[in-house]
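Overview (structure and organization)
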Amino acid sequence: MDDRTDTLDDRQDDVSSDIQLDLRTWLKLLTCTTLISAELRRQLREQFDFTLPRFDMLAQLDREPGGLVLTELSKRLMVSPGNVTPIMNRLLEEGYITRATSSLDRRVQIVCLTADGRKKFRRMAKKHGQWVNAMMGGLALEERRALSGLLDRLKSNLRDGAPGGEKQF
């Protein structure tokens, strides 16, 4: 075997090891997401008889005092409008939200939090923040800041695509 073959084998080993690291990192991120989501679902169910998808919908509406068009709401939740409808209907029945037809376009539905819905949501959101804080409590503040910064960079890279503007996936 000559030196060129050894160098090529070393580079292939480095690439393979990079891929393995990236796969292990991805699986750890997925596991953490799954564990955190499961705990949040459990807490919401036990303490408020509420689901995480309903909570997520209220969180989006809380950010927009004027309400959101149904299609924008489904886009923000990253689900189809068909998936939003049953959740929205349940929240309507329980008085958390209202739905109105746009005066500019009768095909457009605008969804808003009610005053009571906002009050109840914010009480849940406060507890939600405490639960997340407790789950992150095993990390020092500087570690949490570093992790947040790294995840910001990863998110930005994923949204922007690869250098040169081309997405590789």
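Notes on the structure follow. Everything quoted here is computed from the prediction, not taken from an experiment.

1. Remarks on the packing of helix α2 (residues 52-62) against helix α4 (residues 81-93)
Direction vectors running N to C along α2 and α4 enclose 80 degrees, while the axes themselves pass 10 Å from each other. Here α2 is positioned roughly perpendicular relative to α4, judged by the angle of their axes. Here α2 contributes Pro53, Arg54, Met57 and Leu58 to the contact with α4, which in turn contributes Val84, Ile87, Met88, Arg90 and Leu91. In the contact of α2 with α4, the residues fall into 7 nonpolar, no polar and 2 charged.

2. Here we look at the packing of aromatic side chains
Per the stated rule, a full pass over the model turns up 3 aromatic pairs. Residues Phe48 and Trp131 carry aromatic rings whose centres are separated by 6.3 Å and whose planes lie at 55 degrees to one another, so their mutual orientation is tilted. Taken together, the residues span a long stretch of sequence, with Phe48 in helix α1 (residues 3-48) and Trp131 in helix α5 (residues 115-136) at a distance of 83 residues. Overall, the relative accessible area of 24% leaves Phe48 in the partly exposed class. Relative to Phe121, the ring of Phe55 has its centre 5.1 Å away and its plane inclined at 40 degrees; by these criteria the two rings are tilted. Taken as a pair, Phe55 in helix α2 and Phe121 in helix α5 lie far apart in primary sequence, 66 residues in all. The same class applies to Phe55 and to Phe121, which are both buried. Between Arg54 and the ring centre of Phe50, over which it is positioned, the NZ or CZ distance is 4.0 Å. Its end group placed over the ring of Tyr96, Lys120 keeps NZ or CZ at 5.3 Å from the ring centre.

3. Points about the sheet that holds strand β2 (residues 97-101)
What the 3 strands build is an open sheet, ordered β1-β3-β2; its pairing is antiparallel. The sheet is open, and its two edges are formed by β1 (68-69) and β2, each paired on a single side. Sheet topology note: the β2/strand β3 (residues 109-113) ladder contains 5 bridges and is antiparallel. Bridge pairing in β3 places Ile97 opposite Leu113. Sheet strands touched by α4: β2 and β3. Its angle to β2, the strand with the most contacts, is close to 110 degrees.

4. Here we look at the pattern of salt bridges
Taken as a whole, this structure holds 11 salt bridges when the rule is applied. Close ionic contact of Arg118 with Asp62 constitutes a salt bridge, the shortest N to O distance being 2.9 Å. Highlighted residues: Arg118 in helix α5 and Asp62 in helix α2, separated in sequence by 56 residues. By the burial criterion, Arg118 is buried, and Asp62 matches it. In this structure, Arg122 and Asp62 form a salt bridge, with 3.0 Å as the shortest nitrogen-oxygen distance. Here the residue Arg122 occupies a position in helix α5, and Asp62 occupies one in helix α2, the gap between them amounting to 60 residues.

Reading the values: rules and limits
Residues numbered from 1 in each chain as written. Predicted model: local features only at pLDDT ≥ 70, side-chain atom pairs only at ≥ 80, totals over all residues. Heavy atoms only, no water. Axes fitted to C-alpha atoms, helices over the stretch in contact; angles between N-to-C directions. Helix = DSSP H or I, 4+ residues; strand = E, 2+ residues; numbered from the N terminus. Parallel < 35°, antiparallel > 145°, perpendicular 65-115°, else oblique. Contact = heavy atoms within 4.5 Å. Nonpolar A, V, L, I, M, F, W, Y, C, P; charged D, E, K, R; others polar. Phe/Tyr/Trp six-rings, centres within 6.5 Å; stacked < 30°, edge-to-face > 60°. Buried < 20%, exposed > 50% of the residue type's maximum accessible area, 1.4 Å probe, protein only. Lys NZ or Arg CZ within 6 Å of the ring centre and 35° of its normal. Pairing = 2+ DSSP bridges. Salt bridge = Lys/Arg side-chain N within 4 Å of Asp/Glu carboxyl O.

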